[in-house]
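Understanding the architecture of this molecule
Now for the letters of each chain:
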Amino acid sequence: VQLQASGGGLVQAGGSLRLSCVASGRTFSSYAMGWFRQAPGKEREFVGIIIWSGGSTYYTDSVKGRFTISRDNAKNTVYLQMSSLKPEDTAVYYCAARAAGYSIDTTASGYGYWGQGTQVTVSS
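To keep things clear, this report deals only with the structure shown in the data block.

**A look at the nonpolar core**
One finds Met33, Trp35, Phe67, Val78, Leu80, Met82 and Tyr93 to be the most contacted residues of the largest nonpolar core, which totals 28 residues. Listed by contribution, the elements that provide at least two residues to this core are strand 1 (3-6), strand 3 (17-23), strand 4 (32-38), strand 5 (45-50), strand 7 (67-72), strand 8 (77-82), strand 9 (91-98) and strand 11 (118-123). Setting aside its immediate chain neighbours within four residues, Val78 contacts Leu19, Ser20, Cys21, Phe28, Met33, Trp35, Ile50, Ile69, Ser70 and Arg71.

Quick look at the structure:
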């Protein structure tokens with residue numbers, strides 16, 4: 001599976017942004033898809049995950065109620081809708097695919113495939 005993330009940019013605090021991650025390959029619909037982020041000088045951080053069917057999602061506490069993950073298996077695409085953005089959301093955002101598509105994993109080691117990352121900058 002190859003992943004291509006896009007949609008990052010510069011946005012003011014309180015604004016919204018939608019990231020997309022397009023996957024190659026016919027097995028996309030069987031994978032759980034996660035989003036992670038990494039700010040300068042910090043470790044990569046779990047943001048959220050959606051299981052293979054889209055029927056379940058899980059988010060880290062700091063983004064709950066502000067971020068929403070969805071997927072369109074017909075388009076091999078997963079989305080991260082970000083609202084009420086804060087300066088502390090500034091980071092490079094990565095999408096990742098997990099072969100165990102039915103289970104939740106918040107650790108980076110649980111994902112076998114990664115996109116290249118897209119920069120999100122939130123100004124105050």
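**Looking at the pairing of strand 8**
Walk down a regular strand and you will see the side chains alternate between the two sheet faces. Burial runs high along strand 8: 5 of the 6 residues are buried. Bridge count between strand 3 and strand 8: 6 bridges; the pairing is antiparallel. Each residue of the ladder has a partner; that of Arg18, found in strand 8, is Gln81. In the sheet, strand 7 pairs with strand 8 via 6 bridges, with the strands oriented antiparallel. Following the sheet pairing, Arg71 is matched in strand 8 by Val78.

**Digging into the side chain of Thr77**
Mapped onto the secondary structure, Thr77 falls in strand 8. There is a polar contact of 2.8 Å between the side chain of Thr77 and the backbone oxygen of Lys75.

What counts and how
Residues numbered from 1 in each chain as written. Predicted model: local features only at pLDDT ≥ 70, side-chain atom pairs only at ≥ 80, totals over all residues. Heavy atoms only, no water. Core = buried A, V, L, I, M, F, W, Y, C linked by side-chain atoms within 4.5 Å. Buried < 20%, exposed > 50% of the residue type's maximum accessible area, 1.4 Å probe, protein only. Helix = DSSP H or I, 4+ residues; strand = E, 2+ residues; numbered from the N terminus. Contact = heavy atoms within 4.5 Å. Pairing = 2+ DSSP bridges. Polar contact = N/O pair within 3.5 Å; in protein donor to acceptor, adjacent residues only side chain to side chain.

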